[in-house]
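Chain and residue survey
One letter stands for each residue in the lines below.
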Amino acid sequence: MSASSAGTQRRCVVIGGGLAGLTAAHALVCDPAYAGNEVLLVEGTSRVGGKLKLAEVAGVEVDVGAEAILIRRHEGLALAVELGLDVVTPAADAAPRLWSRGRLRPLPRTVLGVPQDLRDLTSSRVLSAAGLAAVRRELQRGPREPTEADVSVGSLVAQRMGDEVVDRLVEPLLGGVYAGRAYEISARAAIPGLVEQARHGSWLAQAAPRAEGESAGSPFAGIRGGVAQLAQELLQAASNRGQGRFTVQYDAIVRAIAPTQQGFVIEVANPDGVTLVTADDVVVATPPGAAGRLLQALAPDAATELSRIETASVAIVTLAVPAARVAHVRSSGFLVPPVERTGIKAATFSWAKWDWIRQAGAHDRPDQAVALLRASWGRHREEWVLQRTDEELVALTREDLARIAGIDAVPVAAQVQRWGGGIPQYAVGHLDRVARIRAAVARANRADGSRLAVCGAAYDGVGIPAVIASAQRAAGEITGGRMAPGPGTMG
């Protein structure tokens, strides 16, 4: 069976209905340069959103995937505001903590674990005396010779500030963002600003110290009702506000993409059989492994590079506990360095971090109020940790929460969300790999004007703003525009 693009000026097929695919489709449908054309979004499951997902726990709908937006980049907040969503900031009196050397300690001001204020670091008591001495010596660092060679975050930081900073600060921060390991993640990809600063001398000398009494603020924002609303609002906006025809196919697995004399043909398997869909343009917005398989015939060099991007699997355990049992908690959660050898790698006290979640868990009778919190599990190459059952993960989470934070309440409800292969790993040399992928994809563009683009978390950053920027760039490549991600740290 064949679906022709006759009757429309052009058809773009976007493969993958996660945040990247939804953003690319929305950008195309709403772009005057693509007005009057058709955009078809093909999603392999029964829902859109990917790792943006809401679930009901004890009667409260909360995020069980990404739950915050990095505000150092503008793309996430800009899109949320454009869609009319209610952007909120974390509660000012709920600061994060770090479990280090047997107790919860204040999390000092850092950039992905790299200290930015020696006084702040000292007062936190996260490091030993020897660890602090190594950091102080960093103030004597001279300029670093410019080099194009990439190194790992861990090796760069350890060389300048010592192993203890890597073990107790960088590892838990990178574990939260990438679910990865400091000695494997690319410094040029993860901390480009600090790589550039290293060429000019000491990191600490270049960091502006916090003034007395100045609040650190949070680098994140949320959305009232859950960050996952981004997905549904993108879907609605593309359907209602677009200047072209927009449709979605659910439960449709793309098996292959092949070139034709004019454009591309896409083999789609769905519950009703197999359909051949023709397209003038294609955006591949799937995880790296799937993208590599789909691009094998069109861009084999890109497929090879994509197959080499490893991924990490994680799980989010969400608990609802009686609010009265956590009244003593005065933080937004904590991170755990791998050297502490606990099960969970982080916990977010959602009721303390987000006012809207606390309000949603409240009842007319205080004794019925619930507090929502979540814990994360899993780092790169630790899939065995996630082979436990849901019940085992909940039980182990409760043990760690009791030991670390004194939270020993019996949950009213629990939910476990697993994200298999959910987070791409940015190995040393990642930026060069992405450049090779995009060059190979560009070579697959057709002489008749048909275009191919890729986007997602595997390219320019794993956070919401970076994924949005990646998708907007892909849309720009389809329309012939230039919508590259802005400068700054990847997020």
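Look a little higher up for the structure.
What comes next concerns the included structure. The model shown is predicted, which means the values in this text are computed figures rather than measured ones. (Residues numbered from 1 in each chain as written. Predicted model: local features only at pLDDT ≥ 70, side-chain atom pairs only at ≥ 80, totals over all residues. Heavy atoms only, no water.)

Moving on, we come to the environment of glycine 292. Relative to the helices and strands, glycine 292 resides in helix 11 (residues 288-294). Linking glycine 292 and serine 307, residues 15 residues apart in sequence, is a C-alpha distance of 5.7 Å. With residues near it in sequence (within four places) discarded, glycine 292 still touches Ala303 and Leu306. (Helix = DSSP H or I, 4+ residues; strand = E, 2+ residues; numbered from the N terminus. Contact = heavy atoms within 4.5 Å.)

Turning our eyes to something else, we now look at helix 16 (residues 430-443). Compared with an ideal rise of 1.5 Å per residue, which puts 14 residues at 20 Å, helix 16 spans 20 Å between its outermost C-alpha atoms and is within 8% of the ideal. Among all positions of helix 16, only His430, Arg433, Val434, Ile437, Arg438, Ala440 and Val441 are buried. Down the axis, helix 16 shows its buried residues gathered within 160° of arc, on one side only. (Expected span 1.5 Å × (residues − 1). Buried < 20%, exposed > 50% of the residue type's maximum accessible area, 1.4 Å probe, protein only. Arc of directions from axis to C-beta.)

The next subject is the sheet that holds strand 13 (residues 245-249). Pairing is parallel across the open sheet formed by five strands, whose spatial order is 13-3-2-17-23. Each having just a single partner strand, strand 13 and strand 23 (452-454) make up the two edges of the open sheet. This sheet shows a mean twist of 15° between the axes of neighbouring strands, independent of strand direction. Pairing between strand 3 (residues 38-42) and strand 13: five bridges, direction parallel. The residue of strand 13 that forms the bridge with leucine 41 is valine 248. Along the sheet face, helix 1 (residues 19-29) touches strand 2 (11-15), strand 3, strand 13 and strand 17 (281-284) and points at about 170° away from the line of strand 3. (Pairing = 2+ DSSP bridges. Axes fitted to C-alpha atoms, helices over the stretch in contact; angles between N-to-C directions.)

On to the packing of aromatic side chains, then. Working definition: an aromatic ring pair is given by the centre-to-centre distance plus the angle between the planes. Applying the stated rule across the entire model yields three aromatic pairs. Judged by centre distance (5.5 Å) and plane angle (55°), the ring pair of tyrosine 178 and tyrosine 426 falls under tilted. Within this pair, whereas tyrosine 178 is found in the loop between helix 6 (163-177) and helix 7 (187-190), its partner tyrosine 426 is found in the loop between strand 22 (413-424) and helix 16, the two being separated by 248 residues in sequence. Residue tyrosine 426 is classed as buried on the basis of its relative accessible area, which comes to 1%. Plain terms: the ring middles of phenylalanine 349 and tryptophan 351 are 5.3 Å apart, the flat faces sit at 35° to each other, and that makes the pair tilted. Using a relative accessible area of 1% as the deciding quantity, one classes phenylalanine 349 as buried. Classification of tryptophan 351 as buried rests on a relative accessible area of 10%. Each residue in the set Phe334, Phe349 and Trp351 is aromatic and connected to the rest through ring pairs, giving one cluster. We note arginine 160 situated over the ring of tryptophan 203; from NZ or CZ to the ring centre the distance is 4.7 Å. (Phe/Tyr/Trp six-rings, centres within 6.5 Å; stacked < 30°, edge-to-face > 60°. Lys NZ or Arg CZ within 6 Å of the ring centre and 35° of its normal.)

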